[in-house]
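Listed below, chain by chain, are the residues.
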Amino acid sequence: MDIALNFFGDHHAPLKAIARQLGITKAVCTVPFAAKQSTYIESWHTLALRSQMLEMKQYGMEIAVLEGIKFIDEAKLGTKDADQAIDNFCTLLKNMHQLGIKTVCYNWMPIFGWFRTHLEVPVRGGALATAFSLDAVKDVEETSRGKVRAEDLWKNLEYFLSRVVPVAETYKIQLALHPDDPPVREIAGVERILTSSDAMMKAIDLVPSEYNGIAFCQGTFATMGCDVPKEIRRFDKRIHFAHFRDIQGNAEQFVECFADDGITDVEEAIESYYDIGFKGVIRPDHTPTFIGESNQMPGYGILGNLFTIGYLRGLMEAREKRTIREHQHL
């Protein structure tokens, strides 16, 4: 298991400069909207991806995961442009293979992705965190798209996977499906389907394949009310990527917090990853913003990432050294 850093825009530029000092060699990057050279070079184009790879290489990192696929909403919604969006996604997989990028993280949340109602909630020591309250959006009107129904989302997901999974198998790209965040039934007329552990398992079983798996977001599974270590063991080899974070509360009312201050037994969670032999990457996710730090990108502050990396590395090292000692006494 490798710790990775996420790079989701210019805000994360300082992390590039210090990644090597932290001993981080894996990067998680968003798919660029277009190459810097031209808007005619789309985000799934080899040149767009290569420009990202070369930039990360300058800082001693390789791109392990692409995350934040913005161009497949039409596939989620099943519009007339759905097939073109799927074709573009398949092209992305082919180009990832050519460049040696092995995992792509995507979600099935159309219109908006992860959603929060509050962006500056004080947590430990006055740090600022994101939060969600279902009451704050229960009377919000529908978006201009109108009602988006769960049955249509399931149908469109099955069609998407029927097209995409064979391509992923051909190019040996791991598909990592992220659960709905927050895992509530509906927001602004847009229903959500990946709101439980069973729903996540159902989704990847629509088209069974060793390349069809999930992004195990610890915070979202905790928000579902799951026993996180138990679910890690349940999904086992179907976990292709992991997010390390935690919350206080439940799906209808929660605040994100420091990784050592939430409801999850994170030591046991790390134990679970080792038990299943997880060999992918895990990254800090949605960290609080420290006092004095800009909150321009809530959940993705620099100092919170550094804290979480240190905490995660300590948990991993403790587990690894305990294993060594146990083997020495056999």
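Every value quoted in this text rests on a predicted model; they were computed, and no experiment measured them.

## Some details on the packing of aromatic side chains
So, point 1. Summed over all chains, the structure comprises 17 aromatic pairs.
So, point 2. Measuring from centroid to centroid gives 6.1 Å for Trp114 and Tyr300, while their planes differ by 75°, and the two rings are edge-to-face. A residue pair is termed long-range when its members are at least 10 positions apart, and Trp114 in the loop between β4 (103-107) and β5 (118-122) and Tyr300 in the loop between β14 (281-284) and α10 (302-328) qualify at 186 residues.
So, point 3. The class of Tyr300 is buried, set by a relative accessible area of 8%.
So, point 4. Note on Phe216 and Phe221: the rings are 4.2 Å apart at their centroids and 10° apart in plane angle, and the pair reads as stacked. Phe221 matches Phe216 in its accessibility class, with the two residues each being buried.
So, point 5. Three or more aromatic residues link up through ring pairs in this structure, and these residues are Phe244, Phe258, Phe290, Phe307 and Tyr311.
So, point 6. The ring of Trp154 has Lys202 lying over it, and the distance from NZ or CZ to the ring centre is 4.0 Å.

## What about the environment of Asn295?
So, point 1. Here Asn295 shows up in the loop between β14 and α10.
So, point 2. On a C-alpha basis, the gap between Asn295 and Leu128 in space is 7.9 Å, while along the polypeptide they are 167 residues apart.
So, point 3. If we skip the residues at most four places from it in the chain, Asn295 touches Leu119, Glu120, Leu128 and Thr289.
So, point 4. A distance of 2.6 Å separates the side chain of Asn295 from the side chain of Thr289, its partner in a polar contact.

## Some remarks on the side chain of Asn212
So, point 1. The topology assignment puts Asn212 in strand β10 (residues 212-217).
So, point 2. At 3.0 Å, the side chain of Asn212 forms a polar contact with the backbone oxygen of Ile204.
So, point 3. Not counting residues within four places of it along the chain, the set of residues in contact with Asn212 comprises Tyr106, Leu161, Val165, Leu175, Ala203, Ile204, Val207, Arg238 and His240.

## What to know about the sheet that holds strand β12 (residues 246-250)
Pairing between the strands of a sheet comes from backbone hydrogen bonds, and it takes one of two forms, parallel or antiparallel.
So, point 1. Sheet architecture is open: four strands sit in the order β5-β6-β13-β12, paired in antiparallel fashion. A single partner strand is all that each edge strand has here, and the edge strands are β5 and β12. Sheet twist, expressed as the average angle between the axes of neighbouring strands with direction ignored, equals 30°.
So, point 2. Here five bridges tie β12 to strand β13 (residues 253-257), and the two strands are oriented antiparallel to one another. Pairing of Gln248 across the sheet is with Val255, part of β13.

## Things to note about the pairing of β5
So, point 1. As judged from the three bridges shared by β5 and strand β6 (residues 128-133), these two strands associate in the antiparallel manner. The partner of His118 across the bridge, within β6, is Ala131.
So, point 2. Between β5 and β6, which pair antiparallel and follow one another directly, the connecting turn spans five residues, one of which, Gly125, has a positive phi of 70°.

## Things to note about the nonpolar core
So, point 1. In terms of nonpolar packing, the biggest core is built from 90 residues, with Leu66, Phe89, Leu92, Leu93, Val104, Trp108 and Phe160 touching the most fellow members.
So, point 2. Here this core takes 10 residues from helix α5 (residues 150-171), the largest share from any one element.
So, point 3. The contacts of Phe160, once residues within four sequence positions are left out, are Ile72, Ala75, Ile86, Phe89, Tyr106 and Trp108.
So, point 4. Among the nonpolar cores identified, the runner-up in size contains 11 residues, and Phe8, Val28, Val65 and Val281 belong to it.

## A few points about the pairing of strand β3 (residues 62-67)
So, point 1. Most of β3 sits inside the fold, with five of its six residues counted as buried.
So, point 2. As judged from the five bridges shared by strand β2 (residues 26-30) and β3, these two strands associate in the parallel manner. Bridging across to β3, Val28 finds its partner in Val65.
So, point 3. In terms of strand pairing, β3 meets β4 through three bridges, oriented parallel. Along β4, the bridge assignment pairs Leu66 with Val104.

## Quick look at the sheet that holds β14
So, point 1. Spatially, eight strands are ordered β1-β2-β3-β4-β7-β10-β11-β14 in a closed barrel, and the strand pairing comes out parallel. Each adjacent strand pair in this sheet contributes to an overall mean axis angle of 30°, direction not counted.
So, point 2. Here helix α4 (residues 82-99) sits on the sheet in contact with β3, β4 and β7 (174-178), set at roughly 160° to β4.
So, point 3. Contacting β7 and β10, helix α6 (residues 197-205) crosses the sheet at an angle of about 155° to β10.

The rules behind each value
- Residues numbered from 1 in each chain as written.
- Predicted model: local features only at pLDDT ≥ 70, side-chain atom pairs only at ≥ 80, totals over all residues.
- Heavy atoms only, no water.
- Phe/Tyr/Trp six-rings, centres within 6.5 Å; stacked < 30°, edge-to-face > 60°.
- Helix = DSSP H or I, 4+ residues; strand = E, 2+ residues; numbered from the N terminus.
- Buried < 20%, exposed > 50% of the residue type's maximum accessible area, 1.4 Å probe, protein only.
- Lys NZ or Arg CZ within 6 Å of the ring centre and 35° of its normal.
- Contact = heavy atoms within 4.5 Å.
- Polar contact = N/O pair within 3.5 Å; in protein donor to acceptor, adjacent residues only side chain to side chain.
- Pairing = 2+ DSSP bridges.
- Axes fitted to C-alpha atoms, helices over the stretch in contact; angles between N-to-C directions.
- Core = buried A, V, L, I, M, F, W, Y, C linked by side-chain atoms within 4.5 Å.

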